[in-house]
Every structure is written in C-alpha cells, then in structure tokens.
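Next come the chains, spelled out residue by residue.
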Amino acid sequence: MGDFTFWREKSVLVAGAGGLIGTALMRALEGRCARLVGWRRADGDLTDAREARRAIAAGPYDVVFFMAATQGGVADHLARPLAYVRENAALALNVIGACADSGVRQLIYAASTALYPDQAAGVLTEDLLASGPIEASHQPYAAAKLLGLRLCQACTAERGLCYTPAILTNVYGPGGSFDPQRSTLIHALIARAVAAHAVGEHTLRVWGSGRAVRDVLYGDDAAQALLRVAASQDPSTITIASGENHTVAAIAGLVAAAIGLKGIAFDPAKPEGALGRTLDVSRLRALGFAPLVSLADGIHRTLAAYRNRL
Ligand SMILES: NC(=O)c1ccc[n+]([C@@H]2O[C@H](COP(=O)([O-])OP(=O)(O)OC[C@H]3O[C@@H](n4cnc5c(N)ncnc54)[C@H](OP(=O)(O)O)[C@@H]3O)[C@@H](O)[C@H]2O)c1
C-alpha cells in the first residue's frame, strides 16, 4: 500500500485522471492526501502549453503524477504515427516544463517499456533503455516518451527536482479502453472474444503468432507501485511491471476460457509488436512492491467491467 504518512500532508495532481492508470491512482489516493486533484481532458487539452500552465498553476502541488498520453494498440500506433509523436511530445514539453517552472518538487512520469531495444537478449535492466533499435510500430510513441524521460532527468540534474521516469509495462484493467482502435492487448482480446461469443463463434482470433511474451500488470497494482515509487523520493528511472512473463497465446487462452470460447486461432499476417522481453523489476521489488491481482483474476474483473459497460 505504500507509506501513507507520506501522503497525509501532500497536495497531489493526477494529470490524465480519467484513464486506466489515472482512475486507479485516484481511487488509491482518495481520502489519503491533504488535497487530491484529477485533471481530465475535459478540464483542458494539455497539448496546449497555456492549458498545461493553467493546470499546474491551480496548485501548489507537492507531487504530480503525469499519466496523460495519446496511447492505444498496435493498429492505432501504425495508423496515427504523427499523433503519437506530436501529441506525446507536446504533453511532455508542456506538463514537465510547467511543473519545473512552477517549482513542483516531485513528478512521476509514465514512460513505457517500448523504450527498451526490440531485440535485446536477456533481462532488461533500466540502463538498457533506448540503447538499441525500438520495435517499428512503436517508434513515434517511443521517441516522444524518450523526450519526456530526458526532460525528467534534466530537471533532476539541473534544478535539483525529483522527477522520476516510471517505465510502465502493459497495464490492463476495468478503466481501460475497449475501443478497437485504442485498446491494448487484454482489452482488445476481451472485446473480440465477447463479440465472437455473441455471434455463436467458438474461437478467439489472435493477431500474430501467439509466441510473443508480455509482462502485464493490473491497473490497481500499477497504481500501488507508482505510490511506492513516489514515496521513495528517488528520481532514478524505474521499471513498473509484474516480473512475470506470459505468452500472448496463454493470455488469449485465459480470455477465451473466461468467456466460454472453446479455443484460439492465430493470424500470423497481423502485427504483434515486440516478440518478447523479460523485465528486471528488482528496483521495484526493493521498494516492497508485489502485485496482488493474478492474471486470471484480473481478466475476470476486466471482463466484468466490459460486460457492465455493454
Ligand atoms: N496502459 C498501458 O499499458 C501503458 C503502458 C505503458 C505506458 N503507459 C503510459 O501510462 C500513462 C497512463 O496510461 P493509461 O493506460 O492510463 O492511458 P489512458 O487510459 O489512455 O489514459 C490517458 C489519460 O490521459 C488523458 N489525455 C490524453 N491526452 C490528453 C490531453 N491532450 N490533454 C489532457 N488529457 C489528456 C486521457 O483523457 P481522455 O480519456 O479524455 O482521452 C486519459 O484520461 C500514459 O502516459 C501511457 O503512455 C501505459
């Protein structure tokens, strides 16, 4: 749960409070801070520098969780590369810049495992970030996320602030998008499986070979990890992941079983993103974090949320 004496006196802003991780952070912090403010897109577009300054000027904030981003599944990355690089770069420049200029002492920035080299062998430690070629479909997004990471490091180095890049793995849960364009792996599989079941099909179709491996983390667990990172007050880049790998085939199998489909079929012609990475989570473990929600349980909870929405 993290150290809640740390939060008691704090004024906290969650930028991107309406998203999957932002809603989980708001739930986790509700009633625990001196002041908790969530900024959603409806409050103002943070790709506009004036709006970002307005968001931060409503402080003062002790801690800013910077979760706002343009993000989605592989198909959306491929369809809208300009939006991915431009909007995420603008968000990074505006939000991190406004925080630094307003003297916000602490910021947690949501970066991504997309920054790890695509073909790196072995276990991925934080020092390997951006040390080799990035998987093709995520290059525009990764370029902008790298900008954000470097901005955090520069604010820490030059201004003595504590701006921590958090390298988030694939996060899923009830607050995620099930929109076919925007959804990421587990949400896309759930939406497709529910649609297949509704028309009497027995098989879940899966993009790619199914051999790619993913480290996936339930949204509430990701929020707890981010709280621990903030409470540690350490600006070192840190990977936020479960530390467990699952093949896409195994994840799809759990989704299919949860919905009552008989099996899965692969579509190797479709893109599947990076083939696999084993993420080193020793820094996060050293903060006392361990995920609480199993993959099967997380899939059931996410499926229940999707059925409620339908
Ligand atoms: N989920 C993952 O698997 C994952 C993995 C790696 C990194 N991350 C990073 O973690 C962070 C949070 O991810 P998430 O899954 O919670 O994302 P999400 O569900 O897409 O939520 C992002 C939030 O940011 C808001 N937002 C986007 N653009 C904005 C803008 N221009 N102005 C103001 N608000 C804006 C969105 O508002 P609307 O809802 O109104 O659009 C949404 O509430 C992001 O930075 C993402 O890149 C996520």
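Here goes a summary of the coordinates provided.

**Notes on the packing of helix α5 (residues 81–102) against helix α6 (residues 139–159)**
α6 packs onto α5 with a crossing angle of 15° between their chain directions and a minimal axis gap of 7 Å. On the basis of the axis angle, α5 is roughly parallel to α6. The two elements α5 and α6 meet at a crossing, and its hand is right-handed. On the side of α5, the interface is formed by Pro81, Tyr84, Val85, Asn88, Ala89, Ala92, Leu93, Ile96, Ala100 and Asp101, while α6 contributes Pro140, Tyr141, Ala143, Ala144, Leu147, Gly148, Leu151, Cys152, Cys155 and Arg159. Residues belonging to the contact of α5 with α6 are distributed by class as follows: 16 nonpolar, two polar and two charged.

**Regarding the state of the cysteines**
All chains considered together, the criterion is met by zero disulfides. Of the cysteine sulfurs around Cys33, a residue in no disulfide, the closest is that of Cys99, at 16 Å. Residue classification places Cys33 among the buried residues on the basis of a relative accessible area of 14%. Left unpaired, Cys162 is separated from the closest cysteine sulfur, that of Cys152, by 9.9 Å. Residue class for Cys162 comes out buried when judged on its relative accessible area of 12%.

**Some words on the site of the ligand**
Around the ligand sit 25 residues in total, of which Ile21, Asp45, Gln71, Tyr141 and Val171 are the nearest. For the ligand, an oxygen atom lies 3.2 Å from a polar atom in the backbone of Met67. A distance of 2.7 Å separates an oxygen atom of the ligand from a polar atom in the backbone of Val171. When isolated, the ligand has an accessible area of 890 Å², and the protein chains bury 90% of it. Counting residues per element, the shell around the ligand draws most heavily on strand β4 (residues 106–112), which supplies three residues. Class assignment of the residues belonging to the shell around the ligand gives a composition of twelve nonpolar, nine polar and four charged.

**Concerning the sheet that holds strand β1 (residues 11–15)**
The six strands are arranged β2-β1-β3-β4-β6-β11 in an open sheet whose pairing can be described as parallel. The outermost strands of the open sheet, each flanked by one partner alone, are β2 (35–39) and β11 (238–240). Each neighbouring strand pair of the sheet contributes to a mean axis angle of 20°, computed without reference to strand direction. Relative to strand β6 (residues 162–168), β4 is paired through seven bridges, and the arrangement is parallel. For Ile108, the partnering residue across the bridge sits in β6 and is Thr164. On the sheet, α6 packs against β4 and β6 and is oriented at approximately 155° with respect to β4. This element, helix α8 (residues 219–232), spans β3 (63–66), β4, β6 and β11 of the sheet and lies at about 160° to β11.

**Quick word on the pairing of β1**
Within β1, five of the five residues are buried, which leaves it mostly tucked inside the rest of the structure. Burial along β1 is two-sided: the residues Ser11, Leu13 and Ala15 and Val12 and Val14 are all buried. Handedness of the crossover joining β1 and β2 through helix α2 (residues 20–29): right-handed. Here β1 runs beside β3; their pairing, made up of four bridges, is parallel. The partner of Val12 across the bridge, within β3, is Val63.

**Details of the nonpolar core**
Counting residues in hydrophobic clusters, the biggest one holds 40 residues, and the most contacted among them are Leu46, Phe66, Ile96, Cys99, Leu107, Tyr109 and Tyr163. Breaking this core down by element, the ones donating at least two residues are β1, α3 (49–57), β3, α5, β4, α6 and β6. The dominant element in this core, judged by the number of residues it contributes, is α5, at eight residues. Once you skip the residues sitting within four places of it in the chain, Tyr163 turns out to touch Ile96, Cys99, Ala100, Val104, Arg105, Gln106, Leu107, Cys152, Cys155, Thr156 and Pro235. Formed by 33 residues, the second largest nonpolar core is a distinct cluster that contains Val12, Leu29, Ala110 and Ala166.

The rules behind each value
Numbering of residues starts from 1 in every chain and runs along the sequence as written. Reporting in this predicted model follows two pLDDT cut-offs: at least 70 for local features of residues, and 80 or more for side-chain atom pairs to be given and counted; totals over whole chains, interfaces and linings ignore these cut-offs and use all residues. The basis for the side-chain values is all heavy atoms of the structure; hydrogens and waters are excluded. To define axes, lines are fitted to C-alpha atoms, for helices over the stretch in contact only, and angles between the resulting N-to-C directions are given on a 0 to 180 degree scale. Segments assigned H or I by DSSP are reported as helices when at least four residues long, segments assigned E as strands when at least two residues long, and all are numbered from the N terminus. Under this scheme an angle from 65 to 115 degrees is roughly perpendicular, one under 35 degrees roughly parallel, and one over 145 degrees roughly antiparallel; angles in between are oblique. Here is the rule for handedness: rotate from the far helix to the near one, and if that takes an anticlockwise turn smaller than a right angle the crossing is left-handed, while a clockwise turn gives right-handed. In this description, contact between two residues means that some pair of their heavy atoms is separated by no more than 4.5 Å. Under this grouping Gly is polar, as are all residues other than the nonpolar Ala, Val, Leu, Ile, Met, Phe, Trp, Tyr, Cys and Pro and the charged Asp, Glu, Lys and Arg. The criterion for a disulfide is a pair of cysteine sulfur atoms lying within 2.5 Å. The cut-offs for exposure are 20% and 50% of the maximum accessible area for each residue type, with area from a 1.4 Å probe on protein chains only; residues under the lower value are buried, those over the upper are exposed, and the others partly exposed. We call a residue near a molecule or strand as soon as one heavy atom of that residue lies within 4 Å of the molecule or strand. Counting of polar contacts relies on pairs of N or O atoms within 3.5 Å, with two restrictions inside protein: one atom must be capable of donating a hydrogen and the other of accepting it, and residues adjacent in sequence are counted only when both atoms are side-chain atoms. Areas reported as accessible are Shrake-Rupley estimates using a 1.4 Å probe. Residue values count occlusion only from the protein chains shown. DSSP-based pairing: two strands are paired if at least 2 bridges between them are found. Assignment of crossover handedness uses the view with strands pointing away from the viewer, where a clockwise path from the first strand over the helix to the second indicates a right-handed crossover. Grouping buried Ala, Val, Leu, Ile, Met, Phe, Trp, Tyr and Cys residues that are joined through side-chain atoms within 4.5 Å yields what is termed a nonpolar core.

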